[in-house]
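Chain and residue survey
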Amino acid sequence: MEDLTKDRVEQLLNYIMKKCLWQFNSRAWDRRKQNAGILGQTAQLLCGETPVHETANDKCYWVDAVLLAREYRARFPWINELSHDEIKALIKALHERLDFLTIDGSLNEELTVQHY
Amino acid sequence: MPYHEFEASKCIPERKQHAVIKGPGEDLSHALPKGYLNTIPGSISERGCAYCGAKHVIGTPMKDVIHISHGPVGCTYDTWQTKRYISDNNNFQLKYTFATDVKEKHIVFGAEPLLKKNIHEAFDAFPEIKRMTIYQTCATALIGDDIDAIAQEVMEERPDVDIFVCNSPGFAGPSQSGGHHKINIAWINQKVGTVEPEITSDYVINYVGEYNIQGDQEVMLDFFNRMGIQVLSTFTGNGSYDGLRAMHRAHLNVLECARSAEYICDELRARYGIPRLDIDGFGFEPLSGSLRKIGLFFGIEDRAEAIIAEETAKWKPQLDWYKERLKGKRVCLWPGGSKLWHWAHVIEEEMGLKVVSVYTKFGHQGDMEKGISRCSEGALAIDDPNELEGLEAIEMLKPDVIFTGKRPGEVAKKAGVPYLNAHGYHNGPYKGYEGWVRFARDIYNAIYSPMHQLSNLDISKDEIPTDNGFLTRKMLSDATLPPEVVNDPILKQYDGKLDPIPDLRAKTYPVFPKKEPAPVAAE
Ligand code: SF4
């Protein structure tokens with residue numbers, strides 16, 4: 001990853017890690033769903049699309065995505081200059097990094113417990 | 001993030017896995033303290049037992065209920081004076097504590113008859129109360145008392161009462177957290193779905209993981225009422241027993257303390273399709289974001305925005321008065337579980353404090369992930385510390401104030417550091433916009449109390465000044481502030497009431513007519 005993208009991913013990641021809670025549900029499968037659900041809709045919103053939410057859970061992801069997209073636009077004005085393809089690529093890289101920190105590279109030994 | 005070894009715990013090598021320092025450029029994949037494990041023999045920690053977590057944290061804040069401990073009377077220690085979860089029914093659940101007072105002879109011959117006698121006596125003594133929770137303790141669990149059977153017998157004899165049995169004796173987990181888990185699951189298994197509520201709004205929530213410490217729940221309820229949201233139940237502060245039996249009918253679970261109550265939210269999501277929305281009720285920005293999210297979910301964000309604008313305009317100048325005087329003050333944020341992440345970043349951003357350490361007594365690794373992410377570089381994160389480690393950390397980090405429980409708080413005081421009660425609060429509520437200013441005020445009062453000028457002198461060796469005159473907090477805090485800050489016409493000290501809760505209870509709210517039958521949430 002080139003330095004600029006890496007730096008931008010870290011800025012976006014840092015915001016999530018400091019301000020959000022949704023990425024830290026207590027089981028790996030849940031974190032994976034949360035990360036995908038919220039970041040997926042965040043990318044859509046940043047690209048001007050209207051996410052469709054069929055279930056109440058989707059709608060809940062959408063709520064967090066709306067707040068995140070708004071904060072990203074306000075705090076990181078450079079995001080408004082990017083093309084839709086660039087935004088999608090950036091959020092994809094962010095998603096991978098977030099999955100690593102909260103799931104695949106996490107040292108939390110409770111992530112794989114069978115029950116809640 | 002290097003693991004940190006305390007001098008005091010060199011003889012307990014496993015302890016090294018329980019503390020880390022957040023290093024520059026490092027992240028959660030480098031190190032994470034262990035958590036939610038049995039306390040290591042030799043380490044005298046500050047945890048509660050699983051019975052305590054079930055009863056004293058989660059069960060007892062329910063307000064219209066007789067709460068009985070089935071066991072020796074000592075198990076009920078944490079009741080009157082250590083808990084501050086008030087309620088709007090004259091604090092019934094705080095004023096009256098019930099225990100079956102199991103003695104040696106009951107251990108030998110069985111304590112079931114004693115339990116039954118106690119249940120009847122309690123219902124007879126308080127005929128207006130028809131709901132009861134019963135808690136298993138170590139002694140009665142070990143002798144095999146069948147509380148369920150007794151509860152069933154009583155419910156048959158008294159058809160107008162309902163009883164909940166919580167089987168979480170002290171040994172049922174490494175700490176109080178085991179009890180949180182057990183009572184969450186027991187409640188949804190036994191009671192949720194057994195009452196059908198009247199739905200009066202298009203927007204219906206359960207407010208979960210909120211214990212009404214000095215009125216926190218009532219502050220948040222005020223916001224929800226102003227938004228026209230029906231709060232079906234609060235799990236459990238100021239919550240009613242029957243309200244909590246109707247949790248299955250909410251459209252959204254708003255979760256505050258995920259540490260103690262995520263289990264029931266996760267189960268409600270799996271069994272009834274009700275989504276879980278985690279929020280932060282502390283601090284202006286996190287609270288505003290939380291209200292916005294709830295507003296967005298229901299399509300009433302404008303109602304949230306109106307509250308945010310009004311409250312921020314009113315209270316921000318007061319918060320900023322304290323921020324100017326708290327800048328750079330060093331804090332050890334040492335609560336029980338969730339406040340380490342609820343508070344870590346926001347007291348730095350909104351009050352100017354510097355968090356030099358976070359710890360948790362009963363948190364899991366997930367809580368440490370949240371807390372470490374939110375605190376700044378250089379902070380020392382400790383899981384389940386013992387008293388000597390706490391003292392060593394105080395010596396090493398030299399905090400100006402410590403936020404912790406009352407027992408470790410007394411230890412901090414002896415080390416010459418003021419403390420604020422992070423569980424029961426000093427002069428709460430601390431939630432809401434006004435509450436956050438009250439917290440800043442309490443921090444200011446603790447740090448700048450002129451008493452420390454004298455109490456921290458050692459009369460056996462220090463020279464005692466006899467020429468010091470009268471001092472006030474303001475004389476101490478404003479001595480080094482630039483005049484434009486001291487004389488700022490906008491900033492001002494907290495001017496709210498001693499107790500803001502009675503006014504909230506007397507308030508009336510606009511009626512938002514219900515539009516149509518509310519949709520039932522589906523997975
Ligand atoms: S550990 Fe057992 S005996 Fe001690 S307070 Fe808890 S329930 Fe009671």
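These numbers come from a predicted model, not from an experiment.

1. Considering the interface of chain A and chain B
- With 35 residues of chain A in contact, the opposing surface of chain B contributes 45 residues.
- Of the roughly 3400 Å² buried between chain A and chain B on both sides combined, carbon and sulfur atoms contribute 51%.
- Where chain A meets chain B, there are nine salt bridges.
- Note that E109(A) and K34(B) form a salt bridge whose closest N and O atoms lie 2.7 Å from each other.

2. Here's the deal with the environment of A141(B)
Residue and element names in this part refer to chain B.
- Structurally, the position occupied by A141 is in helix 5 (residues 138-142).
- According to the relative accessible area criterion, A141 is partly exposed, its value standing at 23%.
- C-alpha separation for the pair A141 and N167, spaced 26 residues apart in sequence, amounts to 8.2 Å.

3. Focus on the site of the ligand
- Every residue lining the ligand is accounted for by C49(B), Y51(B), C75(B), T137(B), C138(B) and G170(B).
- The class makeup of the residues in the shell around the ligand is four nonpolar, two polar and no charged.

4. A look at the nonpolar core
- Of all hydrophobic cores here, the largest spans 138 residues; its most connected members are W343(B), I347(B) and F403(B).
- At ten residues, helix 3 (residues 56-75) of chain A tops the list of elements feeding residues into this core.
- The residues that make up this core include at least three from each of domain 1 (50-183) and domain 2 (204-307) of chain B.
- With near-sequence residues (within four places) excluded, W343(B) lies in contact with F282(B), L333(B), F403(B), A422(B), Y425(B), Y430(B), W436(B) and F439(B).
- With 20 residues, the next largest nonpolar core counts F92(B), M132(B), I150(B) and V154(B) among its residues.

5. Considerations on the environment of A50(B)
Residues and elements named next belong to chain B.
- Among the structural elements, A50 can be located in helix 1 (residues 50-59).
- Relative accessible area serves as the criterion here: at 0%, A50 is assigned to the buried category.
- When neighbours within four sequence positions are excluded, A50 is seen to be in contact with S168, P169, G170, A172, G173, S175, Q176, G178 and G179.

6. Points about the sheet that holds strand 2 (residues 66-70) of chain B
All names here are of chain B.
- Ordered by their spatial adjacency, four strands build an open sheet running 3-2-4-5, and the pairing between neighbours is parallel. Edge strands, defined here as strands with exactly one partner in the open sheet, are strand 3 (98-99) and strand 5 (162-166).
- Judged from the five bridges that link them, strand 2 and strand 4 (residues 131-136) form a sheet pairing that is parallel. Paired with H70 across the bridge in strand 4 is Q136.
- Sheet strands touched by helix 7 (residues 176-190): strand 4 and strand 5. Its angle to strand 5, the strand with the most contacts, is close to 145°.

7. What to know about the side chain of H364(B)
- If you trace the backbone, H364(B) turns up in the loop between strand 11 (354-360) and helix 15 (365-374).
- Of the polar contacts made by the side chain of H364(B), one reaches the side chain of E110(A); its length is 2.9 Å.
- Setting aside residues no more than four positions away along its own chain, H364(B) makes contact with E110(A), Y36(B), S177(B), R259(B) and Y263(B).

8. Describing the side chain of D64(A)
- Assignment of secondary structure puts D64(A) in helix 3.
- Setting aside residues no more than four positions away along its own chain, D64(A) makes contact with W22(A), I38(A), L277(B) and K293(B).

9. Digging into the domain arrangement of chain B
Residue and element names in this part refer to chain B.
- Split by domain assignment, chain B resolves into domain 1 (50-183) and domain 2 (204-307).
- For domain 1 and domain 2, the distance between their C-alpha centroids amounts to 27 Å.
- Tallying the contact residues gives 21 residues for domain 1 and 19 residues for domain 2.
- Around 1600 Å² of area is buried between domain 1 and domain 2 when both sides are counted, 55% of it from carbon and sulfur atoms.
- Our count for the domain 1 to domain 2 interface comes out at two salt bridges.
- D162 is paired through a salt bridge with R245; the nearest N and O atoms lie 3.5 Å apart.
- Scanning the region where domain 1 abuts domain 2 turns up eleven residue pairs in polar contact (both at pLDDT 80 or more).
- Taken together, the elements giving at least two residues each to the side of domain 1 that touches domain 2 come down to helix 1, strand 4, strand 5 and helix 7.
- Class assignment for the residues of the side of domain 1 that touches domain 2 results in ten nonpolar, five polar and six charged.

Parameters and conventions
Residues numbered from 1 in each chain as written. Chains lettered and ligands numbered in written order. Predicted model: local features only at pLDDT ≥ 70, side-chain atom pairs only at ≥ 80, totals over all residues. Heavy atoms only, no water. Contact = heavy atoms within 4.5 Å. Buried area = accessible area lost by both parts, 1.4 Å probe. Salt bridge = Lys/Arg side-chain N within 4 Å of Asp/Glu carboxyl O. Helix = DSSP H or I, 4+ residues; strand = E, 2+ residues; numbered from the N terminus. Buried < 20%, exposed > 50% of the residue type's maximum accessible area, 1.4 Å probe, protein only. Near = heavy atom within 4 Å. Nonpolar A, V, L, I, M, F, W, Y, C, P; charged D, E, K, R; others polar. Core = buried A, V, L, I, M, F, W, Y, C linked by side-chain atoms within 4.5 Å. Domains from an automatic or database assignment. Pairing = 2+ DSSP bridges. Axes fitted to C-alpha atoms, helices over the stretch in contact; angles between N-to-C directions. Polar contact = N/O pair within 3.5 Å; in protein donor to acceptor, adjacent residues only side chain to side chain.

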